[in-house]
Amino acid sequence: MTVLDSRPSGSSTVNTSTEMLVDPTGVSMSPVDDLGEGRGPAWLDDWLKAHASDVVAWRRHIHANPELSRREYNTTELVAKLLREVGLKPRILPGGTGLICDIGNGPRCVALRADMDALPLPENTGLPFASTVDGVSHACGHDAHTTVLLGTALALSSATELPGRVRLVFQPAEEVMPGGALDVLAAGGLDGVERIFGLHCDPRLQVGRIGTRIGAITSASDLLELRLNSPGGHTSRPHLTADLVHALGTVITGLPTMLSRRVDPRSGTVLVWGAVHAGEAPNAVPQDGLLRGTLRTGDRDIWAELEPLVKDLVTGLLAPTGVGFDLHHRRGVPPVVNERESTQILRAGIEAALGDDALAGTEQSSGGEDFGWYLEHVPGSFARLGVWNGQEKQRDLHQPTFDLDERALLVGVRVMVHTALAALA
């Protein structure tokens, strides 16, 4: 893979000096409890004991300096700098954000992945290390994901010997369709990889617990945009034109209903409209209208059939109205379907890291996640990292108030390290 510097001219350069790696508030941090302390291996216990405060500081710095999808230049530079300082050789992706780095030797290789990008949402947490970027925040926990994988990398580098190679995938652009996972794949990021594993923050799970599931854990997610057109006219003479607003209503109610009769209801397929617009005057039939929504399904095979099916149903619904249309069906990401053996390996890693009590089941989400693209190429498993402190109100992802219990950072490092060791055993 070629290492390119595609930073736009005028972009700032991150300060990755040791002085930067402190709590952004300038206040000394209280120690963070290590919920897996003493479970080994000894080199991991030693590394976490010596660097727990560093892990928290990295997360707080990344949190305070969020970067949107495919603009994660400073986050990429910070991670690359810290990896190089321990003798590793990260390879920045051709787009200039995101990177890949191997640790260890041998023909066998497993991958661990974290996403790096933030959301175009303001932050309203009141944290002393809250986002310093207007309208941008880490409201989905990708600051934690990046920090966990960074801690995992440096902990693994402290081991005297590893049973094989571990590939670290720091991925850009998870929050935009069809996802930065395709950038990683195009750059050969999974070449030679046997399996891949990942974690995602879950504010519904208490810290110290990890939710796993065999089979689909997320859903495919597509975007629909439907533009309607009509000659327009006066509302007193709808018979002389094509009633565009009535046609919009027909699709708004009819398309979800028809899909429910044409698709297996066990698939979790659901269409929800999020935006509709047509006209201004109450006595004029508008000439154009717009309808946007998301179409999700938990079934990989059904996802492959939805685009032609939706077009066929829209054609049938609108044919009697005389209204013309232009349908744009933007394919998103496939569902994440966890392979059985990989999930068993992940569960073994969780048990070794934290004990049996840490294992939790989890439901399939209707949300999308581009980790699914990796599982189109190699087997793997994706799990949910508990970040709720068990006391305060649970604050959902993609909300300006989202925050996490920082003990989850050390939990994540332990789980990722033990999962890699279990996969290479």
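Sequence order as written defines residue numbering, which begins from 1 separately in each chain. Where totals are concerned, whole chains, interfaces and linings use all residues; where local detail is concerned, this predicted model gives features only for residues with pLDDT of at least 70, and gives and counts side-chain atom pairs only at 80 or more. Hydrogens and waters are ignored; side-chain quantities use all the structure's heavy atoms.

Orientation of helix α2 (residues 73–85) relative to helix α3 (residues 142–157), taken along the N-to-C sense of each, is 15°, at an axis distance of 10 Å. Relative to α3, α2 is oriented roughly parallel. Our pair here, α2 against α3, has a crossing hand that is right-handed. Contacts between α2 and α3 involve Thr75, Val79, Leu82 and Leu83 from the first element and Thr146, Leu150, Ala153 and Leu154 from the second. Following the grouping adopted for this structure description, the nonpolar residues are Ala, Val, Leu, Ile, Met, Phe, Trp, Tyr, Cys and Pro, the charged ones are Asp, Glu, Lys and Arg, and the polar ones are all others, Gly among them. Taken together, the residues of the contact of α2 with α3 break down into six nonpolar, two polar and no charged. Axis lines are fitted through C-alpha atoms, for helices just across the contact stretch, and the angle between N-to-C directions can take any value from 0 to 180 degrees. Secondary structure elements follow DSSP: runs of H or I of four or more residues count as helices, runs of E of two or more count as strands, with numbering from the N terminus. Orientation categories follow fixed angle ranges, with anything under 35 degrees roughly parallel, anything over 145 roughly antiparallel, 65 to 115 roughly perpendicular, and all other angles oblique. Helix crossings are classified by the rotation of the near helix relative to the far one: an anticlockwise turn of less than a right angle makes the crossing left-handed, while a clockwise turn makes it right-handed. Whether two residues are in contact is decided by their heavy atoms, any of which lying within 4.5 Å being enough.

Moving on, we get to the pattern of salt bridges. The salt bridge criterion pairs a side-chain nitrogen of Lys or Arg with a carboxyl oxygen of Asp or Glu, the two atoms within 4 Å. Under the definition given, this model contains 23 salt bridges. As a salt-bridge pair, Arg60 and Glu406 come within 2.8 Å of each other at their nearest N and O atoms. Note that Arg60 is positioned in helix α1 (residues 42–64) and Glu406 in the loop between β16 (380–388) and α9 (407–424), a separation of 346 residues in sequence. Just as Arg60 is buried, Glu406 falls in that class too. Note that Arg165 and Asp102 form a salt bridge whose closest N and O atoms lie 3.0 Å from each other. Of this pair, Arg165 sits in strand β4 (residues 165–171) while Asp102 sits in strand β2 (residues 99–103), and the two are 63 residues apart along the sequence. Buried means the residue's accessible area, taken with a 1.4 Å probe over protein chains only, is under 20% of the maximum for its type, while exposed means over 50%, and partly exposed covers the values in between.

Relative orientation of the contacting elements helix α7 (residues 340–354) and α9 amounts to 125°, with a least axis distance of 7 Å. By the angle between their axes, α7 is oblique relative to α9. You can see that α7 and α9 cross each other, and the crossing is right-handed. Judged by residue contacts, Ile345, Leu346, Gly349, Ile350, Ala352, Ala353 and Leu354 of α7 engage Val411, Arg414, Val415, His418, Thr419, Ala422 and Ala423 from α9. Classifying every residue of the contact of α7 with α9 gives ten nonpolar, three polar and one charged.

Note on aromatic pairs: the rings of Phe, Tyr and Trp (six-membered ring only in Trp) are paired at centre separations within 6.5 Å, and the planes decide the class, stacked below 30 degrees, edge-to-face beyond 60, tilted for the rest. Summed over the entire model, instances satisfying the criterion amount to four aromatic pairs. Between Trp47 and Trp58 the ring centres are 6.5 Å apart and the planes differ by 40°, which places this aromatic pair in the tilted class. The same class applies to Trp47 and to Trp58, which are both buried. Aromatic rings pair up to connect Phe371, Tyr374 and Phe382 into one cluster. We note Arg331 situated over the ring of Trp303; from NZ or CZ to the ring centre the distance is 3.6 Å. Two thresholds decide whether a charge sits over a ring: the Lys NZ or Arg CZ must be within 6 Å of the ring centre and within 35 degrees of the ring normal.

A few words now on helix α6 (residues 300–318). Helix length check: α6, at 19 residues, gives a terminal C-alpha distance of 28 Å against a target of 27 Å (1.5 Å per residue), a fit within 8%. The angle separating two fitted axes, one through the seven residues that finish at a residue and one through the seven that start at it, defines the bend at that residue. The principal kink in α6, of about 45°, is found at Leu306, preceding the proline Pro308 by one to four residues. Packing partners of the buried residues in α6 comprise β8 (220–229), α5 (244–262), β12 (288–297), β13 (324–333) and α8 (371–374). If you check the start of α6, you find a side-chain oxygen 2.9 Å away from the backbone N of Asp301, and it comes from Asp299. In this analysis, the expected span of each helix is defined as 1.5 Å times one less than the number of residues it contains. For the purposes of these results, a polar contact is taken to be a pair of N or O atoms within 3.5 Å, where, inside protein, one atom must be able to donate a hydrogen and its partner to accept one; residues adjacent in sequence count only when each atom of the pair is a side-chain atom.

Among the seven residues of strand β3 (residues 109–115), seven are classified as buried, and the element is accordingly described as predominantly covered. Should DSSP find at least two bridges between two strands, the strands are regarded as paired. The pairing of β3 with β4 spans seven bridges and is classified as parallel. In the strand pairing of β4, Ala111 is matched with Arg167. The parallel pair β3 and β4, bridged by α3, forms a crossover whose chirality is right-handed. Judged from the four bridges that link them, β3 and strand β5 (residues 195–206) form a sheet pairing that is parallel. Each bridged residue has a counterpart across the sheet, and for Arg113 the counterpart in β5 is Gly198. Whether a crossover is right-handed depends on one test, that the path from the first strand over the helix to the second runs clockwise when the strands point away from the viewer.

This next bit is on the domain arrangement of the protein. An automatic or database domain assignment supplies the residue ranges for each domain. Assigned domains within the protein: domain 1 (42–218 + 336–424) and domain 2 (220–330). For domain 1 versus domain 2, the separation of C-alpha centres amounts to 38 Å. Counting from both sides, the interface comprises ten residues of domain 1 and, opposite them, seven residues of domain 2. Summed over both partners, the accessible surface that disappears when two parts come together, traced with a 1.4 Å probe, is what is meant by buried area. Both faces considered, domain 1 and domain 2 share a buried interface measuring about 680 Å² in area, 52% of it formed by carbon and sulfur atoms. On the domain 1 side of the contact with domain 2, Met177, Ser366 and Glu376 bury the most area, a combined 62% of that side's loss. Linking domain 1 with domain 2 are one salt bridge, by the criterion used here. Remark: the boundary between domain 1 and domain 2 carries three residue pairs in polar contact (both at pLDDT 80 or more). Counted by class, the side of domain 1 that touches domain 2 contains four nonpolar, five polar and one charged residues.

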